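Listed below are the residues making up each chain.
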Amino acid sequence: MPVESEAPFAHRILRWFDAHARALPWRLPPGEPLPLDDPDWPYRVWLSEIMLQQTTVAAVKPYYAAFLARWPSVVALAGAADSDVMAAWAGLGYYARARNLLACARAVRDQHEGRFPAQEAALRALPGLGAYTAAAVAAIAFGQRAVVVDGNVERVVARHHAVDAPLPGAKPQLRALTDKLTPDHRAGDFAQAMMDLGATICTPRSPACGICPVAADCAGRLDPTGFPVKAPKKARPERQGLVWWMERNGQVWLVRRPETGMLGGMLALPSDDWDGGARVAGLPEGGEEAGSIRHVFTHFGLTLEIRAVEAAPGCTLPEGGQWWPVRKIAQAGLPSLFAKVAAEMLKGRTP
Ligand code: SF4
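Residues numbered from 1 in each chain as written. Predicted model: local features only at pLDDT ≥ 70, side-chain atom pairs only at ≥ 80, totals over all residues. Heavy atoms only, no water.

### Here we look at the confidence of the model for the protein
Line of reasoning, step 1. For the protein, the mean per-residue pLDDT works out to 92, and 98% of the residues sit at or above 70.
Line of reasoning, step 2. Within the protein, the lowest mean pLDDT, 86, falls on helix α5 (residues 82–89), and the highest, 98, falls on helix α4 (residues 74–78). (pLDDT = per-residue confidence, 0-100. Helix = DSSP H or I, 4+ residues; strand = E, 2+ residues; numbered from the N terminus.)

### Quick notes on the side chain of threonine 303
Line of reasoning, step 1. Turning to its location among the elements, threonine 303 is positioned in strand β5 (residues 301–310).
Line of reasoning, step 2. Not counting residues up to four positions away in its chain, the partners in contact with threonine 303 are Arg239, Gln240, Gly241, Ser292, Ile293 and Arg294. (Contact = heavy atoms within 4.5 Å.)

### Observations regarding the site of the ligand
Line of reasoning, step 1. Lining the immediate surroundings of the ligand are Arg159, Ile201, Cys202, Cys209, Cys212, Ala215, Cys218 and Pro224.
Line of reasoning, step 2. Placement of the ligand is best described as lying within the largest cavity.
Line of reasoning, step 3. Tallied by class, residues from the shell around the ligand come to 7 nonpolar, no polar and 1 charged. (Near = heavy atom within 4 Å. 1 Å grid on protein atoms, 1.4 Å probe; cavity = no way out; pocket = protein on both sides within 12 Å on 5 of 7 lines; lining within 4 Å. Sits in = over half its atoms within 2 Å of the grid points. Nonpolar A, V, L, I, M, F, W, Y, C, P; charged D, E, K, R; others polar.)

### Let's talk about the pairing of β5
Line of reasoning, step 1. Within β5, 8 of the 10 residues are buried, which leaves it mostly tucked inside the rest of the structure.
Line of reasoning, step 2. Taken together, the 10 bridges between strand β1 (residues 238–248) and β5 define a ladder with parallel strand orientation. Its bridge partner being in β5, methionine 246 is matched across the sheet by valine 309.
Line of reasoning, step 3. Between the antiparallel neighbours strand β4 (residues 288–296) and β5 lie 4 residues. (Buried < 20%, exposed > 50% of the residue type's maximum accessible area, 1.4 Å probe, protein only. Pairing = 2+ DSSP bridges.)

### What about the packing of helix α2 (residues 40–52) against helix α3 (residues 57–70)?
Each pair of packed helices can be described by the angle between their axes along with the distance between the axes.
Line of reasoning, step 1. As a packed pair, α2 and α3 sit with axes 10 Å apart at the nearest point and diverge in direction by 140°. Relative to α3, α2 is oriented oblique. The way α2 lies across α3 gives a crossing that is right-handed. Facing Tyr43, Arg44, Leu47, Ser48, Met51 and Leu52 of α2, the residues of α3 in contact are Val57, Val60, Tyr63, Tyr64, Phe67 and Leu68.
Line of reasoning, step 2. For the contact of α2 with α3, the residue count by class is 10 nonpolar, 1 polar and 1 charged. (Axes fitted to C-alpha atoms, helices over the stretch in contact; angles between N-to-C directions. Parallel < 35°, antiparallel > 145°, perpendicular 65-115°, else oblique. Left-handed = near helix turned anticlockwise from the far one by under 90°.)

Here is the structure:
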């Protein structure tokens, strides 16, 4: 009988899971036989996995219960009106998931006679099931040996093996290591155990190595938060642009931005093609320099130079616009980029 630290990794993980698994509404108790005769069982696993993407367990629980109460099977969900599902999803975020949820339910109904396929490759072919979700459903719902790698699993494996290659480049290596660690039996419990370990013990900021079941041979234990190594963030590119404040008789000229592209369909101040979109017709030449603002988008930083123009009657105005009372500019619903420009222009003015 091997001493505990020499037992295979999966054995120690599963033993820990049997004693400490989180009780969650979409889970069976650890080690319990899978209800493979119940056609709604994979549906429940799949629904929970889709809801849990980018979303916390606490946020998912009430939505999961409400969806199951209203649509207890994949066929029931497939028959739901799109608007009902979108409304039921409201508040959970990442709405593409809800659209994919319906597309997937209908694909299961129409292409698989209302039963989820058990094989990872067939699951992967369904709408909205990426590599992670297909592997998770195959392992957890059907007991298939599948290699399930989410952020928690990556962290545990990177620490345990002290993987010093940075993410995201290290992903194939971490997947290969997880593959080696994954047992042939209870692969679903193993996946859930690794996720639970990452969520409760091998946490991102303060891992509790003292109570970890795989601490004895953990190569990263002396510096756990040094793993996984992250690639240095690329510097955010910078852009420059021009924006016009065109005023006449206490009103400012606002334009409606094109429906597609950045800040699509929103009211805005006229500006040049800093966003890479088509240049608005009728932009004025010159104007008085009136300061600048800086704004940071996810993918770039932007400095807009402001040009103030006294818009004389009869002058050419940028297309697709309207006069808006300056004193009511806060009610125009300007995106924050242009709200900053308005604030800069109105600095020091009495309301
Ligand atoms: S010993 Fe610490 S760093 Fe290593 S796997 Fe366990 S909790 Fe994570």
